[in-house]
Amino acid sequence: PPTALVEDLMNRRGRRFRRGPIRGALTFAGFIQVGERRYAWVRETAAPELLDADAASLSRILGAVASVARIALLRELFGRDRSSTELGAALGDVSPGHTYHHLKELQAAGILVQVSRGLYRIAPPALIPVAIILAAAADIAGLRPGAEVEPFPVHPQAESV
């Protein structure tokens, strides 16, 4: 049966949550603590708003993380600062130029920040959204237990217009 959160999302009303046959809302939330740093993030998006999102901006973000090397860098940086030397080592036997190329792409997308000379971290506002992107990709790829579970059926209910 639907959880309380899903029921709450199903009950969203108003123009913001409906356009033609598209209706609904998505909620993304997370809490991550690494050492003493604590991150919490909650965001709700009306499903029709996804149709209005700038495709070039979305592509830039998804393209920035769509690389084995960049995912390795993000994993190494997850909740902690790392030097360019440490990040290069995480990529294996690559040139510093190769490492900096990937760091610059992640910075240009607003995913990474340079804390000081040669020291990087995932931008705090991006940490949980990046984790959510990776979790969604893992689900689509079937890499997490329960990922193969399809969305559960929802019984139709009378709607007010």
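Here the residue index of a chain counts from 1 through its sequence in written order. The predicted nature of this model means local features are confined to residues of pLDDT at least 70 and side-chain atom pairs, given and counted, to a pLDDT of 80 or more, with totals for whole chains, interfaces and linings taken over all residues. Working from all heavy atoms in the structure, the side-chain values ignore hydrogens and water.

Asker: What is the right way to read the overall build of the protein from this model?
Answerer: Secondary structure elements follow DSSP: runs of H or I of four or more residues count as helices, runs of E of two or more count as strands, with numbering from the N terminus. If you tally the helices and strands in the protein, you get 6 helices and 7 strands. When its helices and strands are written in sequence order, the protein yields α-β-β-β-β-α-α-β-α-α-β-β-α. Residues classed as buried in the protein amount to 28% of the 161 residues present. Taking as baseline every contact in the protein between residues at least 6 positions apart, the subset at least 24 positions apart corresponds to 56%. Computed by Shrake-Rupley with a 1.4 Å probe, the accessible areas treat only the displayed protein chains as cover when residues are assessed. For the protein, the computed accessible surface area is about 10,600 Å², with 59% contributed by carbon and sulfur atoms. For every residue, the accessible area obtained with a 1.4 Å probe (protein chains only) is divided by the maximum for its type, and the residue is called buried under 20%, exposed over 50%, and partly exposed between those limits. We call two residues in contact when some of their heavy atoms are within 4.5 Å.

Asker: What exactly am I supposed to notice about the sheet that holds strand S6 (residues 112–116) here?
Answerer: Across the sheet, 3 strands lie side by side as S5-S7-S6; this open sheet has antiparallel pairing. In this open sheet, the two strands that pair with only one neighbour each are strand S5 (82–83) and S6. We call two strands paired when DSSP finds no fewer than two bridges between them. In terms of strand pairing, S6 meets strand S7 (residues 119–122) through 4 bridges, oriented antiparallel. Note that in S7 the partner of valine 113 across the bridge is arginine 121. Each of S6 and S7 is contacted by helix H5 (residues 96–108), which is oriented at about 110° to S6, the strand it contacts most. Note on geometry: axes are C-alpha line fits, over the in-contact stretch for helices, and angles between N-to-C directions span 0 to 180 degrees.

Asker: Can you help me understand the nonpolar core in this one?
Answerer: For soluble globular proteins, the rule of thumb is that nonpolar side chains tend to be buried together. With 23 residues, the main nonpolar core has Leu74, Leu106, Ile111, Leu112 and Ile122 as its most contacted residues. Going through the elements one at a time, helix H2 (55–65), helix H3 (68–77), H5, S7 and helix H6 (124–140) are the ones with two or more residues in this core. Ranked by residue count, the leading element in this core is H6, at 5 residues. Those residues in contact with leucine 112 that sit more than four places away from it in its chain are Leu74, Leu77, Leu103, Leu106, Gln107, Arg121, Ile122 and Ala123. Among buried residues, the Ala, Val, Leu, Ile, Met, Phe, Trp, Tyr and Cys ones that are joined through side-chain atoms within 4.5 Å form a nonpolar core.

Asker: Teacher, can you tell me more about the pattern of salt bridges here?
Answerer: Oppositely charged side chains can form a pair if their charged atoms are brought close together. Any Lys or Arg side-chain nitrogen located within 4 Å of an Asp or Glu carboxyl oxygen qualifies as a salt bridge. On inspection of all chains with the given rule, the structure shows 7 salt bridges. One salt bridge in this structure joins arginine 12 and aspartate 8, with 3.1 Å as the shortest N-O distance. Aspartate 8 gets classed as partly exposed once you look at its relative accessible area, which sits at 37%. The partner of arginine 37 in a salt bridge is aspartate 81, with the nearest N and O atoms 3.2 Å apart. Separated by 44 residues along the polypeptide, arginine 37 in strand S4 (residues 37–46) and aspartate 81 in the loop between H3 and S5 bring together distant segments of the chain. Assessed through its relative accessible area of 29%, arginine 37 is described here as partly exposed.

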